[in-house]
Every structure is written in C-alpha cells, then in structure tokens.
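Residue strings, one per chain:
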Amino acid sequence: MSVENKKNSPEIFTKHDAEFKPKIQASAIALGSNIGDSLAILEAATAELAAIAGIQLTAKSSWYITKAVGPPQPDYINGCISLQVQMSPLELLETLLAIEQKFGRVRQERWGPRSLDLDLLLYDDLIIDTPTLQIPHPRMQERAFVLVPLAEIAPDWLEPISGYVIRELVKKVDCSDVHLLKGS
Ligand SMILES: Nc1ncnc2c1ncn2[C@@H]1O[C@H](COP(=O)(O)O)[C@@H](O)[C@H]1O
Ligand SMILES: Nc1nc2c(c(=O)[nH]1)N=C(COP(=O)(O)OP(=O)(O)O)CN2
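What you see is a predicted model, and the numbers here were worked out from it, not measured in a lab.

So, how was this worked out
Residues numbered from 1 in each chain as written. Chains lettered and ligands numbered in written order. Predicted model: local features only at pLDDT ≥ 70, side-chain atom pairs only at ≥ 80, totals over all residues. Heavy atoms only, no water. Helix = DSSP H or I, 4+ residues; strand = E, 2+ residues; numbered from the N terminus. Expected span 1.5 Å × (residues − 1). Buried < 20%, exposed > 50% of the residue type's maximum accessible area, 1.4 Å probe, protein only. Arc of directions from axis to C-beta. Disulfide = S-S within 2.5 Å. Phe/Tyr/Trp six-rings, centres within 6.5 Å; stacked < 30°, edge-to-face > 60°. Lys NZ or Arg CZ within 6 Å of the ring centre and 35° of its normal. Polar contact = N/O pair within 3.5 Å; in protein donor to acceptor, adjacent residues only side chain to side chain. Contact = heavy atoms within 4.5 Å. Salt bridge = Lys/Arg side-chain N within 4 Å of Asp/Glu carboxyl O.

Quick look at helix α3 (residues 89-102)
- Along its 14 residues, α3 runs 20 Å from first to last C-alpha, staying within 8% of the 20 Å computed at 1.5 Å per residue.
- For α3, the complete set of buried residues consists of P89, L92, L93, T95, L96, I99 and E100. Relative to the axis of α3, the buried residues are bounded by an arc of 160° and lie together on one face. Along α3, the residues that are exposed and aim more than 90 degrees away from the buried face are E94 and K102.
- One or two positions beyond α3, positive phi appears at G104, with a value near 80°.

So, the state of the cysteines
- Tallied over the entire structure, the rule returns 0 disulfides.
- Its sulfur unpaired, C175 is 12 Å from the next cysteine sulfur, which belongs to C80.

Here we look at the packing of aromatic side chains
- Tallied over the entire structure, the rule returns 0 aromatic pairs.
- The residue whose ring lies beneath K172 is Y164, and the NZ or CZ to ring-centre distance is 4.0 Å.

Quick notes on the side chain of T95
- Mapped onto the fold, T95 is located in helix α3.
- Taking relative accessible area as the criterion, T95 reaches 17% and is therefore assigned buried.
- Among the polar contacts made by the side chain of T95, one reaches the main-chain carbonyl oxygen of E91 at a distance of 2.8 Å.
- Sequence-distant contacts of T95, that is, excluding residues within four places in its chain, are made with L49, I52, I55 and M87.

What about the pattern of salt bridges?
- Overall, the coordinates contain 4 salt bridges when judged by the stated rule.
- Between E43 and K60 there is a salt bridge, with its nearest N and O atoms 3.5 Å apart. You can see E43 sitting in helix α2 (residues 38-50) and its partner K60 sitting in strand β2 (residues 55-60), a full 17 residues away along the chain.
- On the basis of relative accessible area, K60 is assigned to the partly exposed category, the value being 35%.

Set out below in structure tokens:
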C-alpha cells in the first residue's frame, strides 16, 4: 500500500507507522495536576494546546477534584478534552510532553505529584503498542479520574481494546473519589 493510502487509513497503522501524518483525526487527552495553582495550570495548558497549528479543541469537560491514586499526596484536579488533530500520534505525544515541560513538570517517582500531566488516551480507534507510546492509554480503563470527565464529553467513543464505549467503562469503576469542582 502506498504511503498516501496509509496516511488516510488509520485503522491499518502498525507500530512501525506511528510517524505517518494522517488526515484530521479525533483524539482525547486527560489532564491532571496536584502541585501549584492546578486550576490555572490546567486552563492555561488547554489554551496552549488549542492554539497550536494542527490542533482544534472540540470539547472540554468540567474539572473534577479527585483523590490521588498512588503514594500519599494532595488531591488532583482532573479533566479531559477532545481534539481534532492533523498530526501523527507520535507528534501529538511530543507536543503534550513539551507542554508538560513548559508548565514545570519534573519527572520524579511513578504516580507521584506533578504540576501537569497530559496523557494521550485515544486517537480515533487506533491501537499502538510501542515502548514510547501506547494508545489507548493502558491504564485509562481502571481510572475513574479519567473515565468520569471523558464520559462527560465522549460517552459514545469506543475504547478499541475492551470493545466498550466510555459510558459503559465508567459504570465499571468506583467513582466515589471523583467530585465535580463547582463552577468549572
Ligand atoms: N498514551 C500515552 N500518553 C502519555 N504518555 C505515554 C503514553 N504512552 C506512553 N507514554 C510514555 O509515558 C511517559 C509519560 O509518563 P507519565 O508519567 O504518564 O507522564 C512518556 O515518556 C511517554 O513516552
Ligand atoms: N487522582 C489522580 N491520581 C493520579 C493521577 C491523576 O491524574 N489523578 N495521575 C497519576 C499518573 O501517574 P503517572 O503519570 O506517573 O502514571 P501513568 O503513566 O500510569 O499515567 C497517578 N495518580
């Protein structure tokens, strides 16, 4: 198959094809922060992403206060956005990592506190499994702090590994530690 055809057929991407630039695709991103002025950081990061060429913000969830999963640390603010992107999954990941850096993200312990975490959850119905990038995000199915905001903006999006849509996945997790941040 020609490169041009591969670009237009996301369903036949393989792990070796993550650098191909497709036409416009939908993507979902999870945002989280529990250090600094988290709400301001999350709003600014969203605006920063939306201003990038090749990215269009299509939906933004409410913000939620969530109990930290992992070692003891302050509560997080979490939310999700959906985008139309005209960049490859790898380019999108690099864009997210650059914005994390800009907002002072320091990588320390796994699941430790951070000023900004941006996770690439879904990219159309693509499945990618490489050392640097896994899509769908491998832990999204078990995370109420991801599924609750995602269900708000994309209830019918199919998570291609489980075969369930987001509104079904959110019913399978305990959402008692996820609370709407009033006014967001
Ligand atoms: N789907 C993904 N979204 C974000 N980061 C990913 C994804 N798949 C692999 N990665 C790698 O994870 C680290 C970032 O880890 P965090 O501690 O969650 O920020 C990054 O180096 C990616 O290569
Ligand atoms: N409530 C809440 N808890 C969390 C949150 C979060 O956003 N909200 N992010 C984490 C992410 O940890 P890390 O990025 O190190 O791991 P990952 O690669 O599994 O996403 C760990 N725990």
